[in-house]
Amino acid sequence: MALAIRFHDEQFPDSEENDLRAEILQGFASAPKRTPPKFFYDRRGSELFEQICLQPEYYPTRTEESILREAAGEIAEIAGPGASLIELGSGASRKVRLLLEALRPSSYLGIDISRDFLLSSTHRLGADYPWLDVHAACADFTRPMHLPGSFIGEHPLAFFPGSSIGNFDPKDAEVFLRNLHDLLPAGGGLLIGVDLVKDKRILEAAYNDRAGVTAAFNLNLLWRIRDELDSDIQPSRFAHRAFFNEAHSRIEMHLASPRAQTLRIEGERYDFIPGETLHTENSYKYSREGFQRLAGRAGFEPVRVWTDEKELFSVHYMRRV
Ligand SMILES: C[S@@+](CC[C@H](N)C(=O)[O-])C[C@H]1O[C@@H](n2cnc3c(N)ncnc32)[C@H](O)[C@@H]1O
């Protein structure tokens, strides 16, 4: 059987330089200690994220999916047929399925840092949509990307769901969007999911599900360090913490060390005082207008925004100016 997808690694040389060792050592050495969220996503991390999406407390996925389901026709009308669809952080390539029949893109490129997961997800997509020209590329979207012109085409639509934009600090989000702006031709589309500011109890419940899946996802980072680097780190000596920081309008995820401990990674020694944390992720929450202002500074103008009835989540269609 012919391959249902085409995998493009060679065109993304940066993707091989995704240096877990250097960035983890740098993060543990910084004060306060922190690590980039992209390292959550090995295969196990990607699988855990899919389980998070199914938790009753985790409203973002089901809300964004219901918005996309309802808005698919309008999205397709704005984008027009035959777009080259480029999904950033495509993960399971699940949400895009809600758009494909209406949108009828000419091609799909899934970009993700989690290589094995990306490959199996895009293979499934290619098998389920034989009319679609499916491509995959393992790359780090926090680095400047150089997409070959053939992917961009004349009529590109970048799709960035999951409120992954919230994982960037606002200044970095602007830089990321500016890079995306520079990749797209004038008039190119951006369909982006953005989580909205809301009651702190709803937010905190979403990141502290009762089944403990988000905790396992957070702790998976430490298992990964143990498995892939030379380290005596003991995940059982850390605890998941997630809370809303109102001053910064963000959920913060941490791994807290309740007791003093010393651990080693690649020959370096790191001390934790009691209660000290490793800051593993931020998830910024925006108002509709706040996000439009940010994207506007990066060169995108609003075309249309959809939200759910409870105004939990937003999906913006924006145009590259
Ligand atoms: C929050 S999940 C969202 C997954 C999916 N798009 C969704 O909306 O359900 C973030 C996705 O982005 C990928 N990712 C995270 N950081 C990345 C990076 N720096 N470069 C490329 N992909 C990244 C992860 O592997 C994961 O699939």
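For the structure itself, look to the data block above.
Presented here is a report on the structure given in the accompanying data block. (Residues numbered from 1 in each chain as written. Predicted model: local features only at pLDDT ≥ 70, side-chain atom pairs only at ≥ 80, totals over all residues. Heavy atoms only, no water.)

## Concerning the site of the ligand
For the record, the criterion: Residues are classed as near a molecule or strand on a simple rule: at least one heavy atom within 4 Å of it. The term polar contact refers here to a pair of N or O atoms within 3.5 Å; inside protein, the definition further demands a hydrogen-donor-capable atom paired with an acceptor-capable atom, and it admits residues adjacent in sequence only when both atoms are side-chain atoms. The Shrake-Rupley method, run with a 1.4 Å probe sphere, supplies the accessible areas, and residue values consider only the shown protein chains as cover.
Gly89, Lys95, Asp112, Asp140 and Phe141 are the nearest of the 17 residues found near the ligand. Here an oxygen atom of the ligand and a side-chain polar atom of aspartate 112 are 2.5 Å apart. At 2.8 Å from a nitrogen atom of the ligand is found a side-chain nitrogen or oxygen belonging to aspartate 140. Across the complex, the protein chains shield 94% of the 590 Å² of accessible surface that the ligand would expose by itself.

## Re unusual backbone geometry
Cut-off, in case you're wondering: For helices the rule is a DSSP run of H or I covering at least 4 residues; for strands it is a run of E covering at least 2, with both sets numbered from the N terminus onward. Accessibility here uses a 1.4 Å probe with only protein chains present; expressed as a share of the type maximum, an area under 20% marks a residue as buried, one over 50% as exposed, and anything in between as partly exposed.
With an omega dihedral of -5 degrees, the bond running from alanine 31 to proline 32 counts as a cis peptide bond. Here proline 32 shows up in the loop between α1 (20-29) and α2 (43-53). One non-glycine residue, serine 163, lies in the positive phi region at around 55 degrees. Along the chain, the position of serine 163 falls in the loop between β5 (156-160) and α7 (170-183). Residue classification places serine 163 among the buried residues on the basis of a relative accessible area of 5%. Notably, serine 249 is not glycine yet its phi reads approximately 55 degrees, a positive angle. A relative accessible area of 18% means that serine 249 is categorised as buried.

## Considerations on the sheet that holds strand β11 (residues 277-284)
Defined as follows: DSSP calls a pair of strands paired once it identifies at least 2 bridges connecting them. Every angle, taken between N-to-C directions, lies between 0 and 180 degrees, and every axis is a line fitted to C-alpha atoms, over only the stretch in contact when it is a helix. Residue contacts follow a heavy-atom distance rule, with two residues in contact if any of their heavy atoms lie within 4.5 Å.
The strand order across the open sheet formed by three strands is β7-β8-β11, and the pairing between neighbours is antiparallel. On the outer flanks of this sheet lie β7 (239-245) and β11, each paired with one strand and no other. Sheet twist, expressed as the mean angle between neighbouring strand axes with direction ignored, is 20 degrees. With seven bridges joining them, strand β8 (residues 250-256) and β11 adopt antiparallel strand pairing. Bridge pairing in β11 places methionine 253 opposite glutamate 281. Where helix α9 (residues 213-228) meets the sheet, it contacts β7, β8 and β11, and its direction lies at approximately 55 degrees from that of β8.

## A short note on the pattern of salt bridges
As a reminder, the rule being used: We count a salt bridge whenever a side-chain nitrogen from Lys or Arg sits within 4 Å of a carboxyl oxygen from Asp or Glu.
Evaluation of the coordinates by the stated rule reveals 22 salt bridges. Arginine 21 serves as the salt-bridge partner of glutamate 266, at 2.8 Å between the closest nitrogen and oxygen. Pair noted here: glutamate 266 is in the loop between β9 (261-265) and β10 (268-272) and arginine 21 is in helix α1, with a separation of 245 residues, a long-range link. On the basis of relative accessibility, which here comes to 24%, the residue glutamate 266 falls in the partly exposed class. A salt bridge links glutamate 23 to arginine 143; the nearest nitrogen and oxygen atoms lie 3.6 Å apart. In this pair, glutamate 23 sits in helix α1 while arginine 143 sits in the loop between β4 (133-138) and α6 (149-152), placing the two residues 120 residues apart along the sequence. Here the salt bridges share partners, and the residues they tie into one network are Glu23, Lys38, Asp140 and Arg143.

## Regarding the environment of isoleucine 165
Along the chain, isoleucine 165 falls in the loop between β5 and α7. C-alpha separation for the pair isoleucine 165 and histidine 146, spaced 19 residues apart in sequence, amounts to 19 Å. With residues up to four places along the chain from it excluded, the contact list for isoleucine 165 reads Phe160, Ala173, Phe176, Leu177, Ile192, Gly193, Val194 and Phe291.

## Structural notes on the nonpolar core
We apply this condition: The set of buried Ala, Val, Leu, Ile, Met, Phe, Trp, Tyr and Cys residues whose side-chain atoms join them within 4.5 Å is what this entry labels a nonpolar core.
Within the largest apolar cluster, 33 residues are counted, with the highest numbers of intra-cluster contacts made by Ile24, Phe28, Leu222, Ile225, Phe238, Leu263 and Ile265. Residue assignment for this core shows that the elements contributing at least two residues are α1, α2, α8 (200-206), α9, β7, β8, β9 and β10. Sorting elements by how many residues they give to this core places α9 first, with six residues. Not counting residues up to four positions away in its chain, the partners in contact with leucine 222 are Ile233, Pro235, Phe238, Leu255 and Leu278. One finds Leu88, Leu177, Tyr286 and Phe300 within the second-largest nonpolar core, a separate group that totals 32 residues.

## A look at the packing of aromatic side chains
What counts, and what does not: Two rings belonging to Phe, Tyr or Trp (six-membered ring only in the last case) form a pair when the distance between their centres is within 6.5 Å. Interplanar angles under 30 degrees mark stacking, angles over 60 mark edge-to-face geometry, and anything in between is tilted. Whether a charge sits over a ring depends on NZ of Lys or CZ of Arg being within 6 Å of the ring centre and within 35 degrees of the ring normal.
Summed over the entire model, instances satisfying the criterion amount to 17 aromatic pairs. On the basis of an interplanar angle of 55 degrees and a centroid distance of 5.4 Å, the ring pair of phenylalanine 28 and tyrosine 270 is categorised as tilted. Here tyrosine 270 lies in strand β10 and phenylalanine 28 lies in helix α1, a separation of 242 residues in the sequence. A ring pair is formed by tyrosine 58 and tyrosine 207, whose centres lie 6.1 Å apart and whose planes are at 75 degrees; its orientation type is edge-to-face. In this pair, tyrosine 58 is assigned in the loop between α2 and α3 (59-79) and tyrosine 207 in the loop between α8 and α9, connecting sequence segments 149 residues apart. We note that tyrosine 58, like tyrosine 207, is buried. Ring pairing ties together the aromatic residues Phe40, Tyr41, Phe49, Tyr58, Tyr207 and Phe217, which thus form one cluster. One cation-aromatic arrangement involves lysine 33 over phenylalanine 272; the distance from NZ or CZ to the ring centre is 4.6 Å. Seen from the ring of tryptophan 131, arginine 104 lies directly overhead, with NZ or CZ sitting 3.9 Å from the centre.

## Observations regarding α3
Heads up, the rule is: In this analysis the local bend is the angle between axes fitted, respectively, to the seven residues ending at and the seven residues starting at the residue.
Residue alanine 71 marks the point of greatest curvature in α3, where the axis turns by about 60 degrees. Taken from the residues just after α3, glycine 80 is the one with a positive phi, measuring 80 degrees.

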